[in-house]
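Here is what each chain is made of, one letter per residue.
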Amino acid sequence: MIQRIRLEISTENPSEILNAIQVDNVELPEGMTIEMKENEKGVEIIVEMRYTDPRSILTLRNTVDEILEHVEMLERVLKSDSKL
């Protein structure tokens, strides 16, 4: 069974967000895929994880939490940078 979480993030800086977080997607856990793309609203991120045991759900959740933390930090940095 595949578990999927889809994030739609509204942002004025979709290219910068994608460029910054795609670097982190090099050593994914076995059974996980992450797809990221720009859309008309900002950024769409789909994280999928093959369910093998209860820990795989925790891995999926932790990965999504980490992505959201990175996006939040990037948004703060980009907003403060634009005020300079």
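Within every chain, residues take consecutive numbers counted from 1 along the sequence as written. Residue-level local features of this predicted model are given only where pLDDT is at least 70; pairs of side-chain atoms are given and counted only at 80 or more, and the full residue set underlies all totals for whole chains, interfaces and linings. Working from all heavy atoms in the structure, the side-chain values ignore hydrogens and water.

Quick notes on a nonpolar patch on the surface
Patch criteria: residues need more than 30% relative accessible area and no salt bridge. Like-charged residues are merged within 9 Å; nonpolar side chains of Val, Leu, Ile, Met, Phe, Trp and Tyr are merged within 5 Å. Per-residue accessibility takes into account occlusion by the displayed protein chains alone, with areas from the Shrake-Rupley method and a 1.4 Å probe. Whenever a carboxyl oxygen of Asp or Glu lies within 4 Å of a side-chain nitrogen of Lys or Arg, that contact is scored as a salt bridge. Together, Met 1, Tyr 51 and Ile 57 give the surface a local cluster of nonpolar side chains, amounting to about 310 Å² of exposed area. Here Ile 57 is to be found in helix H2 (residues 54-82). The buried label goes to any residue with under 20% of its type's maximum accessible area, the exposed label to any with over 50%, and the partly exposed label to all in between, with areas taken from a 1.4 Å probe on protein chains only. The class of Ile 57 is partly exposed, set by a relative accessible area of 33%. To qualify as a helix, a DSSP run of H or I must reach at least 4 residues; to qualify as a strand, a run of E must reach at least 2; elements of each kind are numbered from the N terminus.

What to know about the environment of Glu 44
Within the secondary structure, Glu 44 is located in strand S3 (residues 42-50). We classify Glu 44 as buried; its relative accessible area is 10%. Measuring from C-alpha to C-alpha, the distance between Glu 44 and Leu 18 comes to 9.4 Å, with 26 residues separating the pair along the chain. The contact criterion used is simple: two residues touch if any of their non-hydrogen atoms lie within 4.5 Å. In contact with Glu 44, other than residues within four places in its own chain, are Arg 6, Leu 7, Glu 35, Met 36, Lys 37 and Asn 39. The term polar contact refers here to a pair of N or O atoms within 3.5 Å; inside protein, the definition further demands a hydrogen-donor-capable atom paired with an acceptor-capable atom, and it admits residues adjacent in sequence only when both atoms are side-chain atoms. Engagement of the side chain of Glu 44 in a polar contact is seen with the side chain of Arg 6, the distance being 2.6 Å.

Describing helix H1 (residues 14-22)
Taken residue by residue, H1 has Pro 14, Ile 17, Leu 18 and Ile 21 as its buried positions. One side of H1 holds all its buried residues, which, seen down the axis, span an arc of 95°. Directions are taken from the helix axis to each C-beta atom, and the arc is the one they span.

Description of the pattern of salt bridges
Evaluation of the coordinates by the stated rule reveals eight salt bridges. A salt bridge links Glu 8 to Arg 6, with the nearest nitrogen and oxygen atoms 2.2 Å apart. Across the pair Glu 44 and Lys 37 runs a salt bridge whose closest N-O atoms are separated by 3.6 Å. Classification of Lys 37 by relative accessible area gives partly exposed; the value is 41%. Salt bridges linked by common partners bring Arg 6, Glu 8, Lys 37, Lys 41 and Glu 44 together as one network.

Geometric descriptors of this kind do not, in isolation, establish any biological role.
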